[in-house]
Amino acid sequence: MRRSISLVPVLVAAVVAAFAPTAYADGLPVLGVDVGSSGVSSGSDGARYVTIPAGKRTIVERVAQQGGQVLAWRSLRGTFTIPAVAYDGSAGGLSGDGTTLVLIQPRASFPRAATRLLVLSSDNLKPQRLVQLKGDFSFDALSPDGSWLYLIHYVAPTDATRYLVRAYDLRRGRLLAKPIVDPHEPGEKMRGNPLSRAMSSNGRWAYTLYDGAGATPFVHALDTVARSARCIDLDGVPSGTDLWQLRLGIDGAGKRLVVRDRSTPLLLIDLHTLRVARAASARAPLGETGQFTPLLLGASSAAFVALIASAIWIRRKHRQTEPR
């Protein structure tokens, strides 16, 4: 059971209404969150995947993280982008084995009547499947081999903190009817805004820090292989903490989640037992699995790549083979 804390809930629906109609977002309910240009990085081949809008088309690229060389690119029909998975700018869309990349159609409003995602082969960036769903969804995670897609399904048209986690079988092309729940708390409904994301090194576990929508903040631990989840309440977060400054990462040994308030560690979560402990004065180093860290790197190279790619696309647009 989650306790109530003395925090002012973030009214996401009100924030959405405050944005101009021309603002877009990478699937998340609040508009203006865009990680397409900074992209998502691969731990297997040292590449970063970025998207660049080009009118009614999208340029997707695989870029070397060292040096910024464009390793592959493709022009796609329609508007798609790298999905954001948390409001700190954490990016997703790439499977743990590095073979599958999922893009999402950016939203222009909340809620939206339909959601489109495009599944690509990461080596040649060729489309493999177009996923079209009725209802409002955002990308959550991929299984390590790219066979299962996990989505956040927004179920209340006026409250973006109410959601279900859904699984989509990419091999059979079907959305499972039953949502993913914590078997230890099957009746408890999850609420909150995703603040930060960390992934296990093998891409199996997706850990998301939620603010709890005015109740106790928690970490949602999604097992993308077993299609199961655990919810870890963070009762140790001090009252009055600015939850939107919290960040999630995994320590260098890969054994503990670290919840930080800016640079100060607050809580440690044992990844084997899921027990939460106060960090005291310990300074657990944040490993590379904290998605928000690499996003702060390479932004200038991504902008440089965008300029080059746009010039290439204009020159070759009549010669570009249309992906099928």
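Scroll up to find the structure.
A brief look at the structure comes next. (Residues numbered from 1 in each chain as written. Predicted model: local features only at pLDDT ≥ 70, side-chain atom pairs only at ≥ 80, totals over all residues. Heavy atoms only, no water.)

### Overview of the pattern of salt bridges
The cut-off we apply is this: Any carboxyl oxygen of Asp or Glu within 4 Å of a side-chain nitrogen of Lys or Arg constitutes a salt bridge here. Burial classes: relative accessible area under 20% of the type maximum marks a residue as buried, over 50% as exposed, and values in between as partly exposed (1.4 Å probe, protein chains only).
Under the defined criterion, the tally for this structure stands at 12 salt bridges. For the salt bridge of arginine 162 with aspartate 159, the shortest nitrogen-to-oxygen distance reads 3.4 Å. According to the relative accessible area criterion, arginine 162 is partly exposed, its value standing at 35%.

### Observations concerning the side chain of arginine 260
The test is simple: To qualify as a helix, a DSSP run of H or I must reach at least 4 residues; to qualify as a strand, a run of E must reach at least 2; elements of each kind are numbered from the N terminus. Charge assignment in this entry is limited to Lys and Arg as positive and Asp and Glu as negative, and neither His nor the chain termini are counted. By the criterion applied in these results, polar contacts are pairs of N or O atoms within 3.5 Å in which, for protein atoms, one can donate a hydrogen and the other can accept it, and in which residues neighboring in sequence qualify only through two side-chain atoms.
By the element assignment, arginine 260 lies in strand E17 (residues 256-261). Notably, arginine 260 is buried but unbridged: the nearest opposite-charge side chain belongs to aspartate 251, and the N-O separation is 8.9 Å. A polar contact of 3.0 Å, which involves the side chain of arginine 260, links it to the backbone oxygen of serine 263.

### Section: the nonpolar core
Note the threshold: Nine residue types can take part in a nonpolar core, namely buried Ala, Val, Leu, Ile, Met, Phe, Trp, Tyr and Cys, and a core is a set of them joined through side-chain atoms within 4.5 Å. Contacts are residue-level and defined by heavy atoms, with any inter-residue pair within 4.5 Å sufficient.
In this structure, Tyr49, Ile82, Leu101, Leu103 and Tyr163 are the most contacted members of the largest nonpolar core, which totals 40 residues. Per-element tally for this core: the top contributor is strand E9 (residues 148-154), with 4 residues. If we ignore the near neighbours within four places in the chain, the residues touching leucine 103 are Thr51, Val60, Leu76, Phe80, Thr81, Ile82, Pro83, Leu117, Leu118 and Leu120. Of all hydrophobic cores here, the second largest spans 20 residues; its members include Ala198, Val237, Ile250 and Leu271.

### Points about the sheet that holds strand E1 (residues 40-41)
Let me state the cut-off plainly: Pairing between two strands is assigned when DSSP locates at least 2 bridges connecting them.
With respect to topology, 4 strands assemble into an open sheet ordered E1-E2-E3-E4, the strand pairing being antiparallel. Two strands bound the open sheet, and with one partner strand each, they are E1 and strand E4 (70-77). Bridge analysis of E1 against strand E2 (residues 47-54) gives 2 bridges, and the strand direction is antiparallel. Bridge pairing in E2 links serine 41 to arginine 48.

### Here's the deal with the pairing of strand E18 (residues 264-270)
On a regular strand, one side chain projects to one face of the sheet and the next to the other, so that they alternate. Counting buried positions along E18 yields 5 of 7 residues, so the element is predominantly enclosed. The pairing of E17 with E18 spans 6 bridges and is classified as antiparallel. Bridge pairing links aspartate 261 to threonine 264 in E18. In this structure, the hairpin formed by E17 and E18 is closed by a connection of 2 residues, where arginine 262 is found at a positive phi of approximately 60 degrees. Direction of pairing for E18 relative to strand E19 (residues 276-278): antiparallel, over a ladder of 3 bridges. Pairing of leucine 268 across the sheet is with alanine 277, part of E19. The hairpin formed by E18 and E19 contains 5 residues between the paired strands, and leucine 274 there has a positive phi angle of roughly 65 degrees.

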